Amino acid sequence: MYKPYKSPVNRVFPDIKLPEPRISMFVVFLLRVVTRIYLLLFYGITHIVSHKEKTLFESFQKALAGKSRCIIAFRHPNGGEPQLLTWYFLFKLRFNALRNGIRFCRWPHAVFVYGYEVVRWGGWVARFIMPNVGAMPIYHSKMDSKGMARIYKAISDGRFPLAIAPEGQVSYTADTIPRLEPGVIRIGFQAAVNMEKTNPGCPVEILPLSIHFRYGPWGKGTVELLLRYTEKLCGFTRKETRNLTFIERLLKSREYILSVNEERYKIKINGSETFEERLEKVAYTALETAERMLNIKGEGDFHARIYMVRQICWDRIYLPDIYDLKNMPQIERSTKDIGAGEAWYVSRHQELADFSWYFFQQNPTEETILHNKIEFSQNLHDFASRTMGGAYSNRVSIFPRKVIIKTAPVINLTERLPSYREDRRAAISNTLKYLENAYIDNINEMNRMEKG
């Protein structure tokens, strides 16, 4: 009797059903232990502090008292920001505020908005915890009226601040801002319009927040080990790299990984092109390869196409309820399994394309600040990993000595409503630029502090 081969990347699964977001005090209690263990694994034994805390404390104080509606626009360069912020808001913020003479009317918390794919690759832990701490899923590339209604309701109810990453996903770089999506500004303005009707006098505010890593002796030693591991993946021996500086070794490995991808996608090499121009060709060719394998036509900008490929691949691995997998005829089930396996391999090209778009970092020098050298080294290894078929879950992170939570002055969207009514597109664009400048000011101030 024929028995179809089964492998971890050749199986379909029933789609994931999540309960409506709510806040379970039992799960919040568990997070005291679970989240700290997670942070230990992700960040090691690190000191988590906030800088210029008054803005953060006062924003929470007003929001928790119902005197404003707060949208926390947090930067997302490393992947662990939502978990870190959830832990900080739940278990540290109140006590830090009390030390500064500020009291909250209730225990602080924030509800996070996340891409629906997170609970697909995040496993049972994410599926259990996220709905029970009020986190709300949203689709990047599907119409999601239910998800949007849930978000607006969370803002209008105003029980806790809403937290959204304007970058849309992990951006891999903390000291530059590759791109910001306008969604958080659009949501904020529409919420401000709604609040004028239902609760006039209660402003909608955006709180820009960024997270900065700083490293000590452990970082200096570990980054060398990470570079040696990357060189080993590239086939370089210690004899070949012994006489090269740390920066020369980084760039040598980067050049090799790029050339492997150019050969893989049969990209013609032009000696006059810069690394950035060559990498852009790799990113777009990898994306086009994924689209061709899925037999779809790429529409929209690069990121809209990435989101579409990602969504299709996940939807072929996790099938909707219209399919009864238990009672499905064997032939049909096997073809669905093959489709899931194909989708997994297609997503390898998508993962490379996605990361490559962000790997346009300025070349480090010997004078480059330590945290930027470490970030470049981590991204270099990630470039190698994506080339070999890896994803974010294969990323190697070096433990920081300190994590600094930095806020900028709030952006009052209610005060900007006259310009929004006059020209929505211009108001959204100008406010997004204002948000970007707030992040840049945070970056510059933090780097001045480190150099000083």
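Figured I'd write up the structure that's included with this text.

The rules behind the values
Residues numbered from 1 in each chain as written. Predicted model: local features only at pLDDT ≥ 70, side-chain atom pairs only at ≥ 80, totals over all residues. Heavy atoms only, no water. Helix = DSSP H or I, 4+ residues; strand = E, 2+ residues; numbered from the N terminus. Rg over C-alpha atoms; globule rule 2.2 N^0.38 Å. Buried < 20%, exposed > 50% of the residue type's maximum accessible area, 1.4 Å probe, protein only. Contact = heavy atoms within 4.5 Å. Lys, Arg positive; Asp, Glu negative; His and termini not counted. Charge placed at Lys NZ, Arg CZ, Asp CG, Glu CD. Pairing = 2+ DSSP bridges. Expected span 1.5 Å × (residues − 1). Arc of directions from axis to C-beta. Axes fitted to C-alpha atoms, helices over the stretch in contact; angles between N-to-C directions. Parallel < 35°, antiparallel > 145°, perpendicular 65-115°, else oblique. Left-handed = near helix turned anticlockwise from the far one by under 90°. Salt bridge = Lys/Arg side-chain N within 4 Å of Asp/Glu carboxyl O.

### A word on the overall build of the protein
When you go through the protein residue by residue, the secondary structure sums to 17 helices and 10 strands. Scaling as 2.2 N^0.38, a compact globule of 452 residues should have a C-alpha radius of gyration of about 22 Å, and the protein matches this with 23 Å. Viewed in the frame of its principal axes, the protein has a C-alpha envelope of about 65 × 60 × 50 Å. Here the protein holds 452 residues, and 55% of them are scored as buried. Within the protein, contacts between residues separated by at least 24 positions form 77% of all contacts whose residues are at least 6 apart in sequence. Each charge sign in the protein was given a centre, from 65 positive and 47 negative side chains, and these centres are 6 Å apart.

### Side note on the pairing of strand β9 (residues 402-407)
By the criterion of burial, β9 is predominantly enclosed, with five of the six residues buried. With five bridges joining them, strand β2 (residues 47-51) and β9 adopt parallel strand pairing. Paired with V49 across the bridge in β9 is I404. Across six bridges, strand β7 (residues 204-214) lies against β9 in antiparallel orientation. Each residue of the ladder has a partner; that of R214, found in β9, is K402.

### Some details on helix α6 (residues 123-132)
Owing to its 3.6 residues per turn, the α-helix brings residues three or four apart onto one side. Turning to α6, its buried residues are A126, I129, M130, P131 and N132. Of the surrounding secondary structure, the elements contacted by the buried residues of α6 are α1 (25-43), β4 (111-115) and α5 (118-121).

### Observations concerning the side chain of R150
Structurally, R150 can be placed in helix α7 (residues 145-157). Ignoring anything within four residues of it in the chain, the contact list for R150 reads E20, P21, M136 and P137.

### What to know about the pairing of β7
Burial analysis of β7 places 11 of its 11 residues in the buried class, which makes it a mostly covered element. What you see with β7 is no split at all: V204, I206, P208, S210, H212 and R214 on one side and E205, L207, L209, I211 and F213 on the other are buried throughout. Bridge count for strand β3 (residues 69-74) against β7 is six bridges, and the pairing is parallel. If you follow A73 over to β7, its bridge partner there is P208. Two strands pair when backbone bridges link them, and β7 and strand β10 (residues 411-412) are joined in this way by two bridges, in the antiparallel orientation. By the bridge assignment for β10, I206 is matched with I411.

### Some points on α7
If you check α7, its first and last C-alpha atoms are 18 Å apart, about what 13 residues at 1.5 Å a residue would give, namely 18 Å. Those residues of α7 lying buried are G147, R150, I151, A154 and I155. For α7, the arc enclosing every buried residue in end-on projection is 135 degrees, short of the 170-degree limit, so these residues lie on one face. Away from its buried face, by an angle of more than 90 degrees, α7 presents the exposed residues S145, K146 and K153.

### Description of unusual backbone geometry
Located in the positive-phi region is Y172, a residue other than glycine, with phi close to 70 degrees. Here Y172 shows up in the loop between β6 (162-164) and α8 (183-198). According to the relative accessible area criterion, Y172 is buried, its value standing at 4%. One non-glycine residue, N295, lies in positive phi territory at about 60 degrees. Mapped onto the secondary structure, N295 falls in the loop between α12 (275-294) and α13 (302-317). Taking relative accessible area as the criterion, N295 reaches 70% and is therefore assigned exposed.

### Regarding the packing of helix α14 (residues 330-358) against helix α15 (residues 370-387)
Describing two packed helices takes the angle between their axes plus the distance from one axis to the other. With their axes 9 Å apart at the nearest point, α14 and α15 run at an angle of 155 degrees to one another. The pairing of α14 with α15 is recorded here as roughly antiparallel in orientation. Regarding α14 and α15, the two cross each other, and that crossing is left-handed. Residues E351, L352, F355 and S356 of α14 pack against N379, D382, F383, R386 and T387 of α15.

### A few points about the pattern of salt bridges
Considering all chains together, one arrives at 26 salt bridges under this definition. K153 serves as the salt-bridge partner of D157, at 2.8 Å between the closest nitrogen and oxygen. Of the two residues, D157 and K153 are both situated in helix α7; the distance of four residues between them amounts to about one turn of the helix. Its salt-bridge partner being R386, residue E351 comes within 2.9 Å of it at the nearest N-O pair. Residue E351 is found in helix α14, and its partner R386 is found in helix α15; the two are separated by 35 residues along the sequence. Judged by relative accessible area, E351 falls into the buried class, the value being 15%.

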